[in-house]
Amino acid sequence: MTMTEKISVLLGLTLSVCWVASATPDLTKLPPAVKKDGVTYAKDIRPIFEGSCLRCHGGERPKAGLRLDSLDGVLKGSREGKVIIPGQSEKSQLVIAVARIDDETAMPPKQRPGGRRGGPGGPGGPGDPPPGGSRDGQPPAPKDGAPGQPPGGPRGGMGPPPKPLTAEQVGLIRAWVDQGAK
């Protein structure tokens, strides 16, 4: 192997190591698990998911195949596989996503340059009505919580974007996962 080939291989290995290091989220930024015993999905976790997650991860067509509207759905995971590892919250993709410590996997998605959230199917993406109105000329839909309106608004999930979870909510999810995700 020539010196140029050796340098090329070494440079490639260095870049690979740097890419892997930058792709790993900084787990020191995770909020600590709350000090609460007996955390359960039904009593403690589902209400959190109802407030911020079920618009996209519940119902008939959950994004990425991930259903958070039942314990079985959470334990099953997404199309890509499991999202929690019972007993190991710091290794659970769901915890890392809701803690929003990784821009690529943050849930709800972080604002992207240009004011867009998430990918092409996210709010403001193709198929969404223009801000402040609709393509059919009708006035904007009532806000969430209007009488007779389902969560997420009448147009199947549109409305204001969900709010990120608080550090305490993430800590409660961590405690639930660490306690076995029951």
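Parameters and conventions
- Residues numbered from 1 in each chain as written.
- Predicted model: local features only at pLDDT ≥ 70, side-chain atom pairs only at ≥ 80, totals over all residues.
- Heavy atoms only, no water.
- Helix = DSSP H or I, 4+ residues; strand = E, 2+ residues; numbered from the N terminus.
- Contact = heavy atoms within 4.5 Å.
- Areas by Shrake-Rupley, 256 points an atom, 1.4 Å probe, with all protein chains shown as cover.
- Buried < 20%, exposed > 50% of the residue type's maximum accessible area, 1.4 Å probe, protein only.
- Arc of directions from axis to C-beta.
- Polar contact = N/O pair within 3.5 Å; in protein donor to acceptor, adjacent residues only side chain to side chain.
- Core = buried A, V, L, I, M, F, W, Y, C linked by side-chain atoms within 4.5 Å.
- Salt bridge = Lys/Arg side-chain N within 4 Å of Asp/Glu carboxyl O.
- Expected span 1.5 Å × (residues − 1).
- Phe/Tyr/Trp six-rings, centres within 6.5 Å; stacked < 30°, edge-to-face > 60°.

### Topic: the overall build of the protein
Along its length, the protein carries six helices and zero strands. Secondary structure of the protein in N-to-C order comes out as α-α-α-α-α-α. The long-range share in the protein, meaning contacts at least 24 apart out of those at least 6 apart in sequence, stands at 53%. When the accessible surface of the protein is totalled, it reaches about 11500 Å², and 59% of it is carbon and sulfur.

### Section: helix α2 (residues 41–52)
Every buried residue belonging to α2 is among Tyr41, Asp44, Ile45, Ile48, Phe49 and Ser52, and all of these are buried. An end-on view of α2 places all buried positions within 120° of arc, on one side of the element. For α2, the exposed residues set more than 90 degrees away from the buried face come down to Ala42 and Gly51. Residues of α2 that are buried sit in contact with α3 (54–57), α4 (71–76), α5 (93–99) and α6 (167–178). Here α2 starts with a cap whose side-chain oxygen sits 3.2 Å from the backbone nitrogen of Lys43, and that cap is Thr40.

### Brief notes about the side chain of Ser89
Take Ser89: it is sitting in the loop between α4 and α5. The residues contacting Ser89, other than those within four sequence positions of it, are Val95, Arg174, Val177 and Asp178.

### Focus: the nonpolar core
Of all hydrophobic cores here, the largest spans 27 residues; its most connected members are Phe49, Ile173 and Trp176. Those elements that place two or more of their residues in this core are α2, α5 and α6. Considering each element in turn, this core owes the most residues, six residues, to α6. Here Ile173 is in contact with Ile45, Ile48, Phe49, Val95, Val98 and Leu165, once residues within four sequence places are set aside.

### Some thoughts on the pattern of salt bridges
Inspection of the entire model under this criterion finds five salt bridges. Among the ionic pairs, Asp44 bridges to Lys36, the shortest N-O distance being 2.8 Å. On the basis of relative accessibility, which here comes to 8%, the residue Asp44 falls in the buried class. For Lys36, a relative accessible area of 35% puts it in the partly exposed group. One salt bridge in this structure joins Lys110 and Asp103, with 3.0 Å as the shortest N-O distance. With relative accessibility at 28%, the residue Lys110 sits in the partly exposed group. In this structure, a network of salt bridges that share partners links the residues Lys36, Lys43 and Asp44.

### What to know about α6
Under the 1.5 Å per step criterion, the end-to-end length of α6 is 16 Å for 12 residues, consistent within 8% with the ideal 16 Å. Considered for burial, the residues of α6 that qualify are Val170, Gly171, Leu172, Ile173, Arg174, Ala175, Trp176 and Val177. Once α6 ends, the next one or two residues include Gly180, with phi positive near 105°.

### A look at the environment of Ser92
Relative to the helices and strands, Ser92 is located in the loop between α4 and α5. For the pair formed by Ser92 and Arg174, sequence separation is 82 residues and the distance between their alpha carbons is 8.9 Å. The contacts of Ser92, once residues within four sequence positions are left out, are Val83, Ile84, Ile85 and Val177.

### Topic: the packing of aromatic side chains
By the definition in use, this model includes two aromatic pairs. Ring geometry for Tyr41 versus Phe49: centroids 6.2 Å apart, planes at 55°, classification tilted. Neither residue differs from the other here; Tyr41 and Phe49 are each classed as buried. Each residue in the set Tyr41, Phe49 and Trp176 is aromatic and connected to the rest through ring pairs, giving one cluster.

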